[in-house]
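Reading the structure
Chain by chain, the residues run as shown.
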Amino acid sequence: MEIKVVKQVMAESAALAEKVRATLRPRGITTFNLIGAPGAGKTSLLERTFAAAQDWLRPAVIEGDIATTADAERLALFGVPVVQANTGPFGGDCHLGVHFIWAALADLPLDAIRTLFIENVGNLVCPAEFDVGEDQKVAVLSLAEGDDKPLKYPLLFREAAVVVVTKIDLAPYVGADLARLRNNVAAVNGAIPIIELSAATGEGLELWLGYLREALNLSAG
Amino acid sequence: MHELSVTEEIVAQAAAEVERRGWKGRVRFVHLRLGALTTFVPQSLVFYFDILKKDTCLKDATLLVEEVAVRGKCGACGAVVAFEELPFLCPACGCPEVEITQGRELELTSFTVDEETHGDKSSQTGDG
């Protein structure tokens, strides 16, 4: 006999993600979960962001990597609170589970920050699947990865609130086409905004900062 | 590779349910619904399930995965659409603002359990 028993497999982690949100939101903290392939430019984007807007962002970072503290060290240079979450020295989890985030909150000065950036493990697939208590997922895709990636990894582009296309200064060298990339993003998610920038030249960075300002409900200026 | 941690969760939840309901040793199939827009590969879930079940009350059970198609609702004309491929555009009006309503499922739905073979069976007889 077949007996019905409906259970959400992710119920426990979904509940913990709500607990993370219930901890951060009442303190006025907005949380962005940055997801992109290894080398997409997530850390460089944060470096540029902190250099330009650390005063009003009052940011902290949870830095997710399988191994090393290299990215955390880069970001700590800004005087920003950083917690490193390593998922395993020789090939651990391919994404940050919400339990990493929950544990990291204890090490962050929550009363002093306004924005929390979670830099997820470099990976276009798995992190898209998991709610870690963020307000928004941010898809970070470098133009150098190719303009076809939204079609190959559609879930992230469905789950994200915004796509940040990085390294647009490399367009002439990598044979990727921004117009085609925009079309491919639209094929997966026609409603998602796309921000195009270069952390190397600073081009487009204002658009990203404007987006953050709006997400934090701060007036311009 | 993230199927491993998800399958651990599936086995833990299913085993807890089986223990709670006293179905130990009698579960033939564990039924799971899996949306086509998840990043989980059904064959990988089954592969890990067969490894992880060994030391549990599910050691004789098989995981059956039912794939759930992607469906969406157009934000403009309200059409309800099944998608087998990209793009997620409304085929009726061309609008790109399609809300995905189905395809992200990851849920245990039922268990196929053998009838109890021992004990008093008189209550099961004579019901035509």
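Scoring rules and cut-offs
- Residues numbered from 1 in each chain as written.
- Chains lettered and ligands numbered in written order.
- Predicted model: local features only at pLDDT ≥ 70, side-chain atom pairs only at ≥ 80, totals over all residues.
- Heavy atoms only, no water.
- pLDDT = per-residue confidence, 0-100.
- Contact = heavy atoms within 4.5 Å.
- Phe/Tyr/Trp six-rings, centres within 6.5 Å; stacked < 30°, edge-to-face > 60°.
- Lys NZ or Arg CZ within 6 Å of the ring centre and 35° of its normal.
- Pairing = 2+ DSSP bridges.
- Helix = DSSP H or I, 4+ residues; strand = E, 2+ residues; numbered from the N terminus.
- Axes fitted to C-alpha atoms, helices over the stretch in contact; angles between N-to-C directions.
- Core = buried A, V, L, I, M, F, W, Y, C linked by side-chain atoms within 4.5 Å.
- Buried < 20%, exposed > 50% of the residue type's maximum accessible area, 1.4 Å probe, protein only.
- Buried area = accessible area lost by both parts, 1.4 Å probe.
- Salt bridge = Lys/Arg side-chain N within 4 Å of Asp/Glu carboxyl O.
- Nonpolar A, V, L, I, M, F, W, Y, C, P; charged D, E, K, R; others polar.
- Arc of directions from axis to C-beta.
- Polar contact = N/O pair within 3.5 Å; in protein donor to acceptor, adjacent residues only side chain to side chain.

Our next topic: the confidence of the model for chain B. Per-residue pLDDT for chain B averages 90, and the proportion of residues at 70 or more is 91%. In the predicted structure, residues 120–128 of chain B sits below a pLDDT of 50 and forms two contacts with residues beyond four places in sequence or in another chain.

Residues and elements named next belong to chain A. Counted under the stated rule, the structure contains eight aromatic pairs over all chains. By the ring-pair criterion, three or more aromatic residues cluster together here, those being F32, F50, F78 and F117. Here the basic side chain of R213 rests over the ring of W56, its NZ or CZ set 4.3 Å away from the ring centre.

Let us look at the sheet that holds strand β1 (residues 27–35) of chain B. Taken in spatial order, the four strands line up as β1(A)-β6(B)-β1(B)-β2(B) in an open sheet, and their pairing is mixed. The open sheet has two free edges, formed respectively by β1 (2–8) of chain A together with β2 (62–68) of chain B, since each of these has just one partner strand. Going across the sheet, the axis of each strand differs from the next one's by a mean of 25°, ignoring polarity. Of the strand pairs in this sheet, β1 of chain A and strand β6 (residues 106–113) of chain B are connected by five bridges, and their pairing is antiparallel. Bridging from a neighbouring strand, I3 of chain A pairs with F111 of chain B of β6 of chain B. Relative to β6 of chain B, helix α1 (residues 3–21) of chain B is tilted by about 40°, and along the sheet it contacts β1 of chain A together with β1, β2 and β6 of chain B.

Core analysis: the biggest nonpolar cluster contains 29 residues, and L156, F157, V163, V165 and L181 of chain A have the highest contact counts within it. Put simply, the parts of the chain that give this core at least two residues each are β6 (136–142), α6 (154–159), β7 (162–166) and α8 (178–188) of chain A together with β3 (70–74) and β4 (80–83) of chain B. Per-element accounting of this core gives the leading share, four residues, to α8 of chain A. In this view, V165 of chain A contacts L141, L143, L178, L181, I194, I195, E196 and L197 of chain A; residues no more than four positions away in its chain are not counted. Of all hydrophobic cores here, the second largest spans 26 residues; its members include I10, V11, A14 and F40 of chain B.

Here we take up the interface of chain B and chain A. Each partner contributes residues to the interface: chain B has 35 residues there, and chain A has 30 residues. Of all residues in chain B, Q13, L86 and R104 of chain B bury the most surface against chain A, accounting for 17% of the area lost on that side. Remark: the boundary between chain B and chain A carries three salt bridges. Across the pair E159 of chain A and R104 of chain B runs a salt bridge, and its minimum N-O distance is 3.1 Å. Only α1, β1, β5 (98–102) and β6 of chain B provide two or more residues apiece to the side of chain B that touches chain A. Ranked by residue count, the leading element in the side of chain B that touches chain A is β6 of chain B, at eight residues. Its residues placed into classes, the side of chain B that touches chain A shows 18 nonpolar, nine polar and eight charged.

All names here are of chain A. Within the span of helix α4 (residues 98–105), buried status applies to V98, I101, A104 and L105. The arc that holds every buried residue of α4, seen down its axis, measures 120°, which confines them to one face. Check the buried side of α4 and you find it contacts α1 (11–24), β3 (59–65), β4 (82–86) and β5 (115–119).

What follows concerns the side chain of S110 of chain B. Counting through the fold element by element, S110 of chain B comes out in strand β6. In this structure the side chain of S110 of chain B is engaged in a polar contact, spanning 2.6 Å, whose partner is the side chain of E2 of chain A. Other than its neighbours up to four places away in sequence, S110 of chain B contacts E2, I3, K4 and V5 of chain A together with F29, V30 and H31 of chain B.

All names here are of chain A. The sheet built from seven strands is open, its strands ordered β4-β3-β5-β2-β6-β7-β8 with parallel pairing. Each end of this open sheet is capped by a strand with a single partner; those strands are β4 and β8 (194–196). Direction aside, neighbouring strands of the sheet carry axes that sit 20° apart on average. Sheet topology places strand β2 (residues 30–35) next to β6; four bridges connect them, and they run parallel. Residue pairing across strands places N33 opposite K137, the latter belonging to β6. Where helix α2 (residues 42–57) meets the sheet, its contacts fall on β2, β3, β5, β6 and β7, and the angle it forms with β5 comes to roughly 175°.

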